[in-house]
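This is what each chain is made of:
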Amino acid sequence: MNGIIDLDKLAFYFYIPAALLFCLSIKGLGKHESAQWGNILGMVGTAFAVAATISIAYMEEASGGASWLIVIALVPSGVAGVVLAFMVPMTSMPEMVGLLNAFGGLAAALASFGTYHEAVDVPETWKWSTEPTLNVNTWYFALYVKQIVTYLGVFVGCVTFSGSVLAMLKLQGTIKKRFEYGGMHIVSILTFILVGVFLVLFLAFQGPDTIQIGAGFLALGAAVSLFMGIHSVGAIGGADMPVVISVLNSCSGWAGVLAGFASENSLLVIAGALVGASGAILSYIMCKAMNRSLMNVLIGGFGEKHGGGAASKSKGDGEALVAKEINVDELTDNLLDAKEVVIIPGYGMAVAQAQHAVSKVTDILRDQGVNVRFAIHPVAGRLPGHMNVLLAEAKVPYNVVYEMDKINPDLPETDVAIVMGANDIVNPAAEEDPDSDIAGMPVIRCWVAKKCVVMKRSLAAGYAGVENPLFFKEHSYMLFGDAKKNSDAMVTKLSEKAEKRGKKVQQNNGKSVNDTDDATAALALSHDSRAQSIEFPLPTRWVGVLKERFPASEKRVALVPSKVRELREAGIGVAVESGAGDGADFPDEMFEKEGATILKTPEAVCDKSEIVVKVNAPTFAPKAAEGAPAGSSETLYPPKDEIAMLREGQTLISFLNPRADKELSEKLAQKGVTSLGMDAVPRTTKAQEIDALSVFGNIAGYRAVVEAANVFGRFFTGQVTAAGRSEPAKVLVIGAGVAGLAAIGAARALGAEVRGFDVRKEVREQIESMGASFLTVDMEEDGGGAGGYAKEMSKSFLERELALFAAQAEEVDIIITTAAIPGKPAPKLLLKSTVELMRPGSVIVDLAAPTGGNCELTVKDEAVVHKFVHIIGYTDLTSRMSGISSQ
């Protein structure tokens with residue numbers, strides 16, 4: 001059978017798609033919207049891996065016996081997995097994850113143990129061979145490396161297995177106390193040393209004659225590893241269980257990697273690495289959210305002091321603290337009167353299974369025009385992402401679920417904050433009591449809201465064992481009882497009261513109207529606004545659009561109303577500075593109709609936005625003052641230091657000219673702003689889709705022909721009239737880049753006879769395909785450069801080029817020049833003597849004016865006349881077509 005089918009190739013054909021599916025699965029699981037597909041892709045990848053294992057086992061055994069054993073093992077395990085998936089409630093998902101981690105570690109340990117016999121089962125004659133191809137030292141080195149990997153696979157797998165089982169029992173409540181006794185850390189160190197000793201002894205007994213002794217030391221190492229997993233997890237406090245689960249998940253992945261190396265299974269290595277790396281990253285994120293190191297979690301734990309002084313139930317003078325209570329009726333009135341509500345879920349919501357009732361509360365309040373959001377702490381619940389999973393199951397919209405860092409700045413303006421079964425993640429002692437066990441831990445600052453309601457069974461401390469002073473804060477109120485019963489009661493009360501009040505419709509301008517009000521009042525609010533009938537998602541981040549101030553002639557805007565709608569539909573808020581679109585004929589009202597928020601000042605836009613977009617580079621006051629056109633911009637647009645408005649961590653998207661403007665790049669870097677230069681987008685990759693520079697070049701080329709036609713005193717196309725015949729205008733376009741080709745097309749469309757020249761030979765076909773003739777220099781030298789641009793030519797080529805243009809100047813009516821070399825001054829192609837050869841009334845449009853011009857007589861930003869030849873050096877051609885160029 002092996003002679004017919006190559007097993008390595010068979011494994012390759014199965015493993016490659018499986019590995020790809022695993023990678024796509026991890027990517028999909030990174031977002032709420034794609035998590036379901038990520039899960040499905042992981043299942044399909046696993047199916048590929050299982051199919052490969054069965055197929056290879058069948059091919060290796062002529063009888064097929066091994067493959068059937070695998071199938072027989074799969075049936076009960078598969079059935080058990082399906083049954084557990086249906087039977088385990090969402091509240092028990094942390095325990096389920098712990099159990100799955102345990103199985104992963106056990107499987108990796110057994111797989112590593114199984115490879116031990118393969119490693120030492122080598123013919124005795126190989127050890128004493130004198131043939132150079134059978135190097136004894138090399139064989140021994142490979143043997144020891146493989147055996148070390150085998151031992152480590154067993155070690156990590158066993159630690160993961162026993163530790164995960166204990167973590168599951170802790171989460172389940174079967175084991176409620178930490179393992180605490182004197183000298184625990186010494187025992188941990190001795191255990192680790194013992195694992196190392198057994199590794200050395202294991203390596204000392206290798207080979208066919210000592211296989212049983214080596215297996216014995218491997219088994220002893222496994223036993224000590226099992227003890228180490230129990231001892232390590234047993235010493236960790238309950239509040240650290242989410243991090244422990246994440247760490248054990250990572251360990252199960254690395255155990256799989258080691259087992260994969262030991263068994264030479266590449267797919268197992270890939271899958272294990274994905275699990276191990278993602279678990280390690282998640283552990284780091286969670287430790288950071290708790291303001292603790294991973295080592296501190298593993299060797300210590302919350303709750304050792306059992307609370308800090310500030311969280312006590314009595315004041316410093318001995319007077320008892322009393323928590324204020326609130327009832328459901330009063331709370332629902334507060335919620336209906338509120339504009340901003342934040343709900344902070346915790347493990348209490350999971351235990352009570354109140355997520356569906358909370359979802360109904362959210363729907364009712366949103367129908368009443370209340371902005372409801374959820375605040376999620378990274379370590380809320382009993383495993384990473386626990387609250388996200390529960391809310392997703394209850395079909396709470398993804399776009400109203402916010403991370404702690406995003407919601408905390410908005411809490412002072414929140415009317416009602418509801419803490420739903422959370423404790424440690426909202427404990428003010430983390431900020432106010434330096435002696436508290438959780439001092440320094442980032443928490444959701446719900447106590448700064450105008451009103452904070454804590455839904456909890458009692459005033460007991462949380463999982464960390466630290467009492468919570470939140471219960472006694474001035475604006476805090478307690479709603480005691482089961483979270484599910486209270487939430488159901490809230491749904492009933494809110495439904496009744498909402499029906500009496502009438503349904504409100506939230507408008508984009510922040511106003512609202514009752515459906516029981518007079519119809520004319522509703523029409524007055526929405527008479528001409530399409531956006532008011534559209535419900536956009538609540539913004540997860542903001543993009544700010546600034547008005548262009550420099551140069552004063554700039555009329556473009558960085559974002560047009562149609563794109564505002566696309567961003568709003570994607571859950572991104574857009575803040576537009578008032579008047580930003582006026583120059584492009586996009587008034588503020590057009591932006592508002594598409595869901596934008598209009599702000600009066602650029603400072604307000606920058607303060608609100610994470611991303612700021614502009615057309616031109618941001619100004620800083622000295623540069624704006626020195627470069628301002630004489631007597632024009634100072635009154636209408638006073639120069640502003642736009643860089644000073646930006647803050648550290650913001651992103652700026654604009655045309656920045658980083659090659660030439662080093663000072664600007666340095667200032668943005670010093671400010672801590674991430675800047676994306678639209679003029680630095682490459683033209684030879686997928687990034688062409690955002691190549692705004694090419695689009696502007698196209699518009700400039702077209703506009704150049706329009707400007708020439710405006711000055712040129714004759715027809716472009718040939719005409720035959722009763723008075724006689726007029727010849728078509730002759731146009732020469734120098735440089736056939738994006739702008740040059742656009743100019744050729746526009747001139748041809750007007751009926752002109754067009755000639756084109758470019759130093760790059762490959763553009764000849766493009767020029768001729770547009771109906772223009774291609775001019776050449778009688779010299780073999782190609783001007784193609786990097787990125788599709790032209791390069792600097794030799795002196796002899798330039799001399800012949802100038803002679804060609806001088807000859808053409810005597811024949812043509814219009815010359816449009818576009819020749820430019822990135823980072824260098826524009827080459828001088830039309831000398832004064834060449835201009836003087838042109839007929840009176842001829843026109844030159846110099847698109848290279850921003851970098852000095854291709855004509856010796858070009859004056860930047862002006863139109864001049866030299867001996868009746870019009871020379872146009874405008875640098876704002878795209879701005880003169882601001883409507884289309886802004887899009």
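Predicted model, so just to flag it, every value in this text is computed and none were measured. (Residues numbered from 1 in each chain as written. Predicted model: local features only at pLDDT ≥ 70, side-chain atom pairs only at ≥ 80, totals over all residues. Heavy atoms only, no water.)

Enquirer: Got a minute to help me understand the sheet that holds strand β12 (residues 611–613) in this structure?
Expert: Two orientations exist for strands paired in a sheet by backbone hydrogen bonds: parallel and antiparallel. Within the open sheet, the 6 strands sit side by side as β11-β10-β9-β12-β13-β14. Their pairing is parallel. Strands with a single pairing partner mark the edges of an open sheet, and in this sheet they are β11 (597–599) and β14 (674–677). The mean inter-strand angle of the sheet, taken between neighbouring strand axes irrespective of direction, is 25°. With 4 bridges connecting them, strand β13 (residues 651–654) and β14 associate as parallel partners. (Pairing = 2+ DSSP bridges. Helix = DSSP H or I, 4+ residues; strand = E, 2+ residues; numbered from the N terminus. Axes fitted to C-alpha atoms, helices over the stretch in contact; angles between N-to-C directions.)

Enquirer: What am I meant to see in the pattern of salt bridges here?
Expert: When the charged atoms of two side chains lie near each other, side chains of opposite charge can form a pair. For the coordinates displayed, the defined rule picks out 28 salt bridges. Residue Lys484 is joined to Asp488 by a salt bridge in which the shortest nitrogen-to-oxygen separation is 2.7 Å. You can see Lys484 and its partner Asp488 sitting in helix α17 (residues 483–501), 4 residues apart, about one turn around the helix. Accessibility expressed as a relative area gives 32% for Asp488, which makes it partly exposed. For Arg549, the salt bridge is made with Glu577, and the minimal N-O distance between the two is 2.4 Å. Here the residue Arg549 occupies a position in the loop between β9 (541–545) and α19 (561–569), and Glu577 occupies one in strand β10 (residues 572–577), the gap between them amounting to 28 residues. Among the charged side chains, a network of salt bridges with common partners joins Asp329, Asp333, Lys493 and Lys497. (Salt bridge = Lys/Arg side-chain N within 4 Å of Asp/Glu carboxyl O. Buried < 20%, exposed > 50% of the residue type's maximum accessible area, 1.4 Å probe, protein only.)

Enquirer: Is there a simple way to think about the side chain of Thr191 in this case?
Expert: Note that Thr191 resides in helix α6 (residues 184–204). A distance of 2.7 Å separates a polar side-chain atom of Thr191 from the backbone oxygen of Val187. Apart from the residues within four sequence positions on either side, Thr191 is in contact with Val224, Phe227 and Met228. (Polar contact = N/O pair within 3.5 Å; in protein donor to acceptor, adjacent residues only side chain to side chain. Contact = heavy atoms within 4.5 Å.)

Enquirer: Explanation requested: helix α29 (residues 795–809) in the structure shown.
Expert: Because an α-helix packs 3.6 residues into every turn, residues spaced three or four apart end up facing the same way. Compared with the 21 Å implied by 1.5 Å per residue over 15 residues, the 21 Å span of α29 between its first and last C-alpha is a close match. Of the positions making up α29, those classed as buried are Phe797, Glu801, Leu804, Phe805, Gln808 and Ala809. When α29 is viewed along its axis, its buried side chains cluster within an angular range of 135° and face the same direction. (Expected span 1.5 Å × (residues − 1). Arc of directions from axis to C-beta.)

Enquirer: Explain a negative patch on the surface to me, please; I cannot follow it from the model alone.
Expert: A contiguous patch of negative charge, built from Asp582, Asp585, Glu589 and Glu592, is present on the exposed surface. Among the structural elements, Glu589 can be located in helix α20 (residues 588–593). The partly exposed category is assigned to Glu589, whose relative accessible area is 47%. (Patch = residues over 30% accessible without salt bridge, like charges linked within 9 Å, V, L, I, M, F, W, Y side chains within 5 Å. Areas by Shrake-Rupley, 256 points an atom, 1.4 Å probe, with all protein chains shown as cover. Lys, Arg positive; Asp, Glu negative; His and termini not counted. Charge placed at Lys NZ, Arg CZ, Asp CG, Glu CD.)

Enquirer: Any chance you could explain the packing of aromatic side chains here in plain terms?
Expert: In total, this model carries 8 aromatic pairs according to the counting rule given. Here a set of aromatic residues connected by ring pairs shows up, and it is made of Phe198, Phe205 and Phe217. (Phe/Tyr/Trp six-rings, centres within 6.5 Å; stacked < 30°, edge-to-face > 60°.)

Enquirer: Please explain the sheet that holds strand β2 (residues 371–376) as it appears in this structure.
Expert: In space, the 6 strands of this open sheet follow the order β3-β2-β1-β4-β5-β6, with parallel pairing throughout. Only two strands of the sheet have a single neighbouring strand rather than two, namely β3 (401–403) and β6 (476–480). On average, adjacent strands in this sheet sit at an angle of 25° to one another, irrespective of strand direction. As judged from the 3 bridges shared by β2 and β3, these two strands associate in the parallel manner. Residue pairing in the sheet places Phe374 in a bridge with Val401 of β3. Running over the sheet, helix α11 (residues 328–337) touches β1 (340–345), β4 (416–420), β5 (452–456) and β6 and is turned about 135° from β4.

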